[in-house]
Amino acid sequence: MTSTTQTVSGERLEELQQMAGEHLFMHAAQTNDWRGSLKIFEKGEGVWVEDIEGNRLIDAMGGLWYKAAGYGRREIADAMYQQLMGIESPPAGSSTVSQIELAAKVAELYPDHGARVFFVSGGSEAVETAVKMAKKHQQLNGKAGAFKVISRRYSYHGGTAMAVSLGRSPAADPAGPEMPGAIHVTNWNSYRMPFDGDPVDVAVKCANEFETVIVHNGPSTVAAMIAEPVSAAAGIHIPPAEYWQRLREIADKYGVVLIADEVITGFGRTGEYFAPSNWGVQPDITAVAKALTSGYAPLGAAIATKRIADSFVGGAEQTFRHLITFGGHPVAAAAALANLKIFEKEDLVGNSRRMGDYLFDQLQRLYDHQIVGDVRGGLGLLAAVELVQDRQNKTAFPASAGLAKRLPKMLYDRKIVSFRAGDVISLCPPLSITADEIDFIVNALDDALTQLESDLGVS
Ligand SMILES: Cc1ncc(COP(=O)(O)O)c(C=O)c1O
């Protein structure tokens with residue numbers, strides 16, 4: 001990143017802070033927590049970003065889990081510009097070359113190459129679309145009364161009303177009653193396992209809760225089951241292979257559509273283009289967004305296997321009546337195509353695997369800190385460090401320790417952006433990251449934890 005940025009200070013900075021404080025609604029944030037001290041960025045390159053005051057930092061969270069190809073990719077900007085100079089969006093009922101080529105590219109990368117891709121604008125819409133598609137698929141295939149959807153507690157599937165019903169994450173406000181038919185089961189947690197026993201047995205037992213609920217409700221009433229392959233919201237707990245394999249068996253046994261919410265894990269994050277490939281599993285529908293464009297434009301998709309998609313090819317009755325005006329916007333599609341070209345040219349998925357292993361390895365030394373209870377990772381570039389008051393008993397820090405406020409600031413002072421650091425420090429850097437840059441992150445974490453222990457009086 002060349003340092004041509006005009007830094008902003010004094011009156012202009014104050015003016016921006018004042019305008020933001022009065023008029024900007026920050027997502028899922030309390031205004032009083034950031035008013036007057038909002039971080040503002042206008043520049044980035046690779047894993048590095050620069051705020052308008054001239055501070056240069058590594059973005060260890062890859063934006064909000066999406067910056068796969070890194071910042072400042074000129075070729076993505078050029079592709080978007082070219083699309084804009086041709087046609088920015090086509091007349092209703094038609095398409096563009098960028099949309100068609102992207103659908104074909106996604107199907108080529110997806111394990112089921114006969115897949116059909118329904119483009120939307122982001123992750124919540126991808127989940128809404130996947131669930132609606134699953135319900136209508138069931139209606140068209142003899143399960144007219146199937147409307148229930150099983151998901152896991154503490155997961156996150158988006159901010160829209162139905163997605164919030166599925167998620168049950170404290171990160172999203174339901175602001176009212178849940179969607180009828182939303183049923184929740186135990187989530188997988190590798191650190192505080194929900195049952196005693198061998199991890200594989202416990203994971204299978206968690207998966208079996210889906211079966212219990214299907215049988216209890218009657219299989220004819222259940223349309224779909226949905227889960228994130230690795231739930232970032234729940235704290236990045238990687239399940240054993242048997243978990244997703246069991247979900248697949250249960251879905252097949254009862255004719256329930258298996259939806260993978262790969263809004264975070266899709267496109268390389270776990271060292272495969274699609275996470276269930278790590279375990280030899282093919283879901284029926286996959287919801288994706290974020291890394292599809294690496295955040296250069298808003299875009300998401302529900303990817304349907306050929307079996308599901310073929311339900312919607314026939315007469316008027318079979319039509320999937322579902323419309324999102326800007327779903328698959330051609331400029332976003334052009335960005336995604338250019339982004340995926342970078343993936344292939346630079347083997348970003350392979351780098352995710354290699355650097356993910358390196359990151360996980362380096363993070364092990366943080367166990368030298370007594371307050372580190374668990375280090376999770378080893379499946380691509382998604383990792384977490386969980387802090388505890390008492391390692392022996394895995395006791396969490398009380399809210400009064402204020403980790404969620406203290407840690408992001410301590411890390412910022414050490415040139416790391418991670419607004420998601422608290423009890424759990426999540427790491428989701430760009431897939432283009434190098435070993436040196438990983439060292440920079442781990443050293444900063446090490447240093448911040450030393451200071452935190454000292455501040456907390458932990459010897
Ligand atoms: C697993 C998962 N699903 C769905 C969503 C919703 O995506 P969006 O915020 O793009 O609507 C998110 C967002 O973080 C997510 O992590």
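Residues numbered from 1 in each chain as written. Predicted model: local features only at pLDDT ≥ 70, side-chain atom pairs only at ≥ 80, totals over all residues. Heavy atoms only, no water.

### Here's the deal with empty space enclosed by the protein
The following threshold applies: A cavity here means a set of points on a 1 Å grid, drawn over the protein atoms and nothing else, where a 1.4 Å probe fits but cannot get out; a pocket is an open set with protein on both sides within 12 Å along at least five of seven lines, and a residue lines either one if it has an atom within 4 Å of a point. Grid points are joined across faces, edges and corners, and a volume is the space filled by probe spheres set on the points. Just so you know the grouping, Ala, Val, Leu, Ile, Met, Phe, Trp, Tyr, Cys and Pro go in nonpolar, Asp, Glu, Lys and Arg go in charged, and all remaining residues, Gly too, go in polar.
Tallied over the full model, the rule gives one cavity of 30 Å³ or more. Within this model, the largest cavity holds a volume of roughly 40 Å³. For the lining of the largest cavity, the residue count by class is four nonpolar, three polar and one charged.

### Section: the packing of helix α8 (residues 199-217) against helix α9 (residues 241-254)
Short version of the rule: Orientation is described by lines fitted to C-alpha atoms, with helices fitted over the stretch in contact, and by angles between N-to-C directions that extend from 0 to 180 degrees. Helix and strand definitions follow DSSP, with helices as H or I runs of at least four residues and strands as E runs of at least two, each counted in order from the N terminus. Just so you know how the angles are binned, under 35 degrees is roughly parallel, over 145 roughly antiparallel, 65 to 115 roughly perpendicular, and the rest oblique. A crossing counts as left-handed when the near helix is turned anticlockwise from the far one by less than a right angle, and as right-handed when that turn is clockwise. It only takes one pair of heavy atoms within 4.5 Å for two residues to be counted as in contact.
Running from amino to carboxyl end, α8 crosses α9 at an angle of 20 degrees, the nearest separation of the two axes being 8 Å. With respect to α9, the axis of α8 lies roughly parallel. Considering the relative orientation of α8 and α9, their crossing is right-handed. Note on element contacts: α9 touches α8 through Glu242, Tyr243, Arg246, Leu247, Ile250, Lys253 and Tyr254, opposite Val200, Ala203, Val204, Cys206, Ala207, Asn208, Phe210, Glu211, Ile214 and Val215. Of the residues belonging to the contact of α8 with α9, the class tally is twelve nonpolar, one polar and four charged.

### Comments concerning the nonpolar core
Basically, it comes down to this: The definition of a nonpolar core used throughout is a set of buried Ala, Val, Leu, Ile, Met, Phe, Trp, Tyr and Cys residues joined through side-chain atoms within 4.5 Å. Categorising residues by exposure relies on relative accessible area from a 1.4 Å probe, with only protein chains included: less than 20% of the type maximum marks a residue as buried, more than 50% marks it as exposed, and the intermediate range marks it as partly exposed.
The biggest cluster of nonpolar side chains holds 70 residues, and the ones touching the most others in it are Leu102, Phe267, Leu292, Phe343, Leu363 and Leu387. The greatest single-element share of this core, amounting to ten residues, is contributed by helix α11 (residues 330-345). When residues no more than four places from it in sequence are discounted, the contact partners of phenylalanine 343 are Ala68, Phe267, Tyr273, Ala291, Ser294, Leu348, Val349 and Leu431.

### Let's talk about the layout of surface pockets
If you add up the space inside the second largest pocket, you get close to 910 Å³. Gln99, Val117, Phe118, Phe119 and Gly327 are the residues nearest the centre of the second largest pocket, which is lined by 31 residues in total. Every element with two or more residues in the lining of the second largest pocket is listed here: α5 (97-109), β4 (116-120) and β10 (300-304). Split into classes, the residues belonging to the lining of the second largest pocket amount to 19 nonpolar, eleven polar and one charged.

### Quick look at the sheet that holds strand β11 (residues 372-376)
Stated precisely, the cut-off is as follows: Whether two strands pair depends on DSSP finding at least two bridges between them.
Taken in spatial order, the three strands of this open sheet run β11-β12-β14, and their pairing is antiparallel. Sheet topology places β11 and β14 (424-427) at the edges, where each strand pairs with a single neighbour. Each strand axis lies, on average, 10 degrees off the axis of its neighbour in the sheet, ignoring direction. Relative to β14, strand β12 (residues 383-387) runs antiparallel, the two sharing four bridges. When the bridges of β14 are listed, valine 385 appears paired with isoleucine 425.

### Overview of the domain arrangement of the protein chain
The extent of an interface is frequently quoted as the accessible surface area lost upon association of the parts. This is how it is decided: All the domain ranges listed were derived from an automatic or database domain assignment. Summed over both partners, the accessible area (1.4 Å probe) lost when two parts come together is defined as the buried area. We define a salt bridge as a contact between a side-chain nitrogen of Lys or Arg and a carboxyl oxygen of Asp or Glu at a distance within 4 Å.
Each assigned domain of the protein chain is listed here: domain 1 (55-69 + 347-456) and domain 2 (74-345). Using only C-alpha atoms to locate each centre, domain 1 and domain 2 end up separated by 27 Å. When the area that domain 1 buries against domain 2 is broken down by residue, the three leading residues are Trp65, Leu379 and Leu382, summing to 25%. Connecting domain 1 to domain 2 are one salt bridge. The partner of arginine 192 in a salt bridge is glutamate 386, with the nearest N and O atoms 2.7 Å apart. Elements represented by at least two residues in the side of domain 1 that touches domain 2 include exactly α3 (62-65), α12 (348-363), β11, β12 and β14.

### Here's the deal with the site of the ligand
Defined as follows: Proximity is defined per residue: any heavy atom of the residue falling within 4 Å of a molecule or strand makes that residue near it. Side-chain atoms alone can form a polar contact between residues adjacent in sequence; in general such a contact is a pair of N or O atoms within 3.5 Å, and within protein one must be able to donate a hydrogen while the other accepts it. In short, Shrake-Rupley with a 1.4 Å probe defines the accessible areas, and a residue's cover is counted only from the protein chains shown.
Neighbouring residues of the ligand: Gly122, Gly123, Ser124, Tyr156, His157, Gly158, Glu228, Asp261, Val263, Ile264 and Lys290. Separating an oxygen atom of the ligand from a side-chain N or O atom of serine 124 is a distance of 2.6 Å. If the ligand stood free it would expose 390 Å²; the protein chains cover 80% of that surface.

### Quick look at the pattern of salt bridges
Throughout the structure, instances matching the rule amount to 22 salt bridges. Here lysine 405 and aspartate 33 are joined by a salt bridge, their closest N and O atoms 3.4 Å apart. Of this pair, lysine 405 sits in helix α13 (residues 403-413) while aspartate 33 sits in helix α2 (residues 31-34), and the two are 372 residues apart along the sequence. Exposure remark for lysine 405: the relative accessible area of 60% places this residue in the exposed category.

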